[in-house]
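# An overview of the molecular structure
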Amino acid sequence: MNDGDAGERAAIERVDEPNTVASLTADLRDLGVEPGDAVLVHSSLSALGWTAGGPQAVVDALRAAVTESGTLVLPTHTGQYTDPADWSSPPVPESWVGTIRESMPPFRPAVTPTRGVGAVPECFRTYPDVVRSDHPTVSFAAWGAMADEVVADHPFDDGLGDGSPLARLYERDADVLLLGVDHDVNTSFHLAEYRADVPAERVARSAPVVRDGRRVRVEYEELEKSADDFEDLGADFEREVGPTTGQVGAATARLASQRALVDFAVDWLGANR
């Protein structure tokens with residue numbers, strides 16, 4: 001049995017009946033997702049259990065839950081566009097670094113695949129009516145009533161800060177949905193890092209992008225971020241504030257106000273870092 005077969009078998013064993021677009025939409029409704037809501041989603045397809053249609057069904061259910069009057073946003077990050085000299089999982093030979101930097105195709109929002117964010121965002125970004133921000137490493141994709149304004153003008157040097165889609169969602173009183181994942185992937189806590197009164201360095205970055213129809217390497221500086229304490233931060237948020245929790249498919253789901261998460265995290269980071 002290969003890894004794919006094992007994963008498929010585990011997904012089947014998590015549910016008594018297959019998840020469908022209709023059943024997942026109903027679960028999201030029960031959790032509290034309403035038409036017209038703006039929702040930032042972090043997800044694990046495998047945690048949901050076996051789903052007829054896989055990630056496409058999950059995307060369709062999320063869209064059905066918020067409807068066209070709402071706004072759906074998912075992270076479409078591309079860690080392959082970080083500096084190859086810093087890669088550690090796994091590292092590449094030092095002799096490869098120059099070749100990778102020089103030959104990497106430029107980041108293009110319409111075609112560049114995601115990395116490390118799961119199957120659901122990768123599927124979501126391919127829908128023809130989804131728009132994606134142009135940050136080469138921490139882009140977000142969006143669909144719905146406010147999609148264009150959420151992803152527009154994503155500054156390279158403020159990738160997860162006050163110029164980012166995260167801040168646009170905060171301004172619009174969005175919710176965060178953790179769908180079978182924990183707070184270690186809760187990107188809204190990174191917005192709090194920018195706002196918290198804690199020591200932080202800015203580090204040099206560069207990435208290939210398209211400018212005026214040709215490949216160029218842009219250089220910028222960005223805040224050095226860390227998610228190492230996000231699980232502890234999230235646990236304290238759940239104990240002191242508390243999200244709405246429920247089941248979506250076989251997954252534990254948490255739904256919380258992004259403003260509540262970020263504001264709590266600003267104070268928590270100031271006290272604990």
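Before any of the text, the structure's been laid out above.
Computed from a prediction, not measured in an experiment: that's the story for all the values here.

## Re the overall build of the chain
A tally of helices and strands in the chain yields 10 helices and nine strands. For the chain, the C-alpha atoms occupy an extent of roughly 50 × 45 × 35 Å along the three principal directions. The buried share among the 273 residues of the chain stands at 48%. In the chain, once contacts between residues fewer than 6 apart in sequence are set aside, the share between residues at least 24 apart is 72%. Accessible area for the chain stands at about 12,900 Å²; split by element, carbon and sulfur atoms hold 47% of it. A gap of 6 Å separates the mean positions of the 23 positive and 47 negative side-chain charges of the chain.

## Quick word on helix H10 (residues 258-272)
The terminal C-alpha atoms of H10, which comprises 15 residues, lie 20 Å apart, in line with the 21 Å expected from a rise of 1.5 Å per residue. Capping the start of H10, Ser 257 holds a side-chain oxygen 3.3 Å from the backbone nitrogen of Arg 259, two or three residues further along.

## Concerning the pairing of strand S2 (residues 71-75)
Most of S2 sits out of view: five of its five residues are buried. Burial of S2 is two-sided: the residues Thr 71, Val 73 and Pro 75 facing one way and the residues Leu 72 and Leu 74 facing the other way are all buried. Of the strand pairs in this sheet, strand S1 (residues 38-43) and S2 are connected by three bridges, and their pairing is parallel. Within S2, the position partnered with Ala 38 by the bridge is Thr 71. Crossover connection from S1 via helix H3 (residues 54-66) to parallel S2: handedness right-handed.

## With respect to the sheet that holds strand S8 (residues 244-248)
Reading across the sheet, the seven strands line up as S3-S4-S2-S1-S5-S9-S8 and stay open at both edges, with mixed pairing between neighbours. A single partner strand is all that each edge strand has here, and the edge strands are strand S3 (131-132) and S8. Along the sheet, H3 contacts S1, S2, strand S4 (140-144) and strand S5 (175-179); its crossing angle with S2, the most-contacted strand, is approximately 145 degrees. In the packing of H10 onto the sheet, contacts are made with S1, S5 and strand S9 (251-257), and the angle to S9 comes to roughly 80 degrees.

## Quick notes on the packing of aromatic side chains
This structure, assessed with the given rule, holds four aromatic pairs. Here Phe 189 and Phe 230 contribute two aromatic rings whose centre-to-centre distance is 5.3 Å and whose plane-to-plane angle is 75 degrees, an arrangement assigned as edge-to-face. One end of the pair, Phe 189, is in helix H8 (residues 188-195); the other, Phe 230, is in helix H9 (residues 230-240), and 41 residues separate them in sequence. Across the pair, Phe 230 and Phe 189 agree in class, each one buried. Over the ring of Tyr 170 we find Arg 259, and its NZ or CZ is 5.7 Å from the ring centre.

## Remarks on unusual backbone geometry
A cis geometry characterises the amide bond from Ser 89 onward to Pro 90, with omega recorded as 0 degrees. On the secondary structure map, Pro 90 appears in the loop between S2 and helix H4 (97-103). A positive phi angle, close to 65 degrees, is found at Thr 67, a residue other than glycine. Mapped onto the elements, Thr 67 comes out in the loop between H3 and S2. The phi dihedral of Asp 173 falls on the positive side, at around 55 degrees, and the residue is not glycine. The topology assignment puts Asp 173 in the loop between helix H7 (165-171) and S5.

## A word on the pattern of salt bridges
Taken as a whole and judged by the stated rule, the model has 15 salt bridges. One salt bridge connects Lys 225 with Glu 222, and the closest N-O pair in it is separated by 3.7 Å. Salt bridges sharing partners connect three or more residues here, namely Glu 149, Arg 168, Glu 171 and Arg 172.

## Regarding the environment of Trp 87
Structurally, the position occupied by Trp 87 is in the loop between S2 and H4. A C-alpha to C-alpha distance of 9.8 Å links Trp 87 and Val 97, two positions 10 residues apart in sequence. Aside from chain neighbours lying at most four places away, what touches Trp 87 is Gly 79, Gln 80, Thr 82, Val 92 and Ile 100.

Conventions used here
- Residue numbering note: each chain is counted from 1, following its sequence as written.
- Two thresholds apply to this predicted model, a pLDDT of at least 70 for residue-level local features and 80 or more for giving and counting side-chain atom pairs, whereas whole-chain, interface and lining totals are computed over all residues.
- Derived side-chain values reflect all non-hydrogen atoms in the structure, with water molecules and hydrogen atoms excluded from consideration.
- Numbering goes from the N terminus for both helices and strands, where a helix is a DSSP run of H or I of at least four residues and a strand is a run of E of at least two.
- When accessible area is computed with a 1.4 Å probe and restricted to protein chains, residues below 20% of their type maximum are described as buried, those above 50% as exposed, and intermediate ones as partly exposed.
- Whether two residues are in contact is decided by their heavy atoms, any of which lying within 4.5 Å being enough.
- The protein chains shown are the only cover counted for residues, whose accessible areas, like all others here, come from Shrake-Rupley with a 1.4 Å probe.
- For the purpose of charge, His is not counted, nor are the chain termini; Lys and Arg are scored as positive and Asp and Glu as negative.
- To locate a charge, the coordinates of NZ of Lys, CZ of Arg, CG of Asp or CD of Glu are taken.
- Helix span, as expected, comes to 1.5 Å for every residue beyond the first.
- Whenever two N or O atoms come within 3.5 Å, that pair is a polar contact, provided that in protein one can donate a hydrogen and the other can accept it, and provided that, for residues adjacent in sequence, both atoms are side-chain atoms.
- A strand pair is defined by DSSP finding two or more bridges across the two strands.
- Here, the term right-handed applies to a crossover whose path from the first strand over the helix to the second runs clockwise when the strands point away from the viewer.
- Under this scheme, a helix contributes an axis fitted over its contacting stretch, all axes are lines through C-alpha atoms, and angles between N-to-C directions fall in the 0 to 180 degree range.
- Any two of the Phe, Tyr and Trp rings considered here, Trp counted by its six-membered ring, make a pair once their centres fall within 6.5 Å; the pair's planes then place it as stacked at under 30 degrees, edge-to-face at over 60, or tilted in between.
- We call a charge positioned over a ring when the NZ of a Lys or the CZ of an Arg lies within 6 Å of the ring centre and within 35 degrees of the ring normal.
- A pair is scored as a salt bridge if a Lys or Arg side-chain nitrogen falls within 4 Å of a carboxyl oxygen belonging to Asp or Glu.

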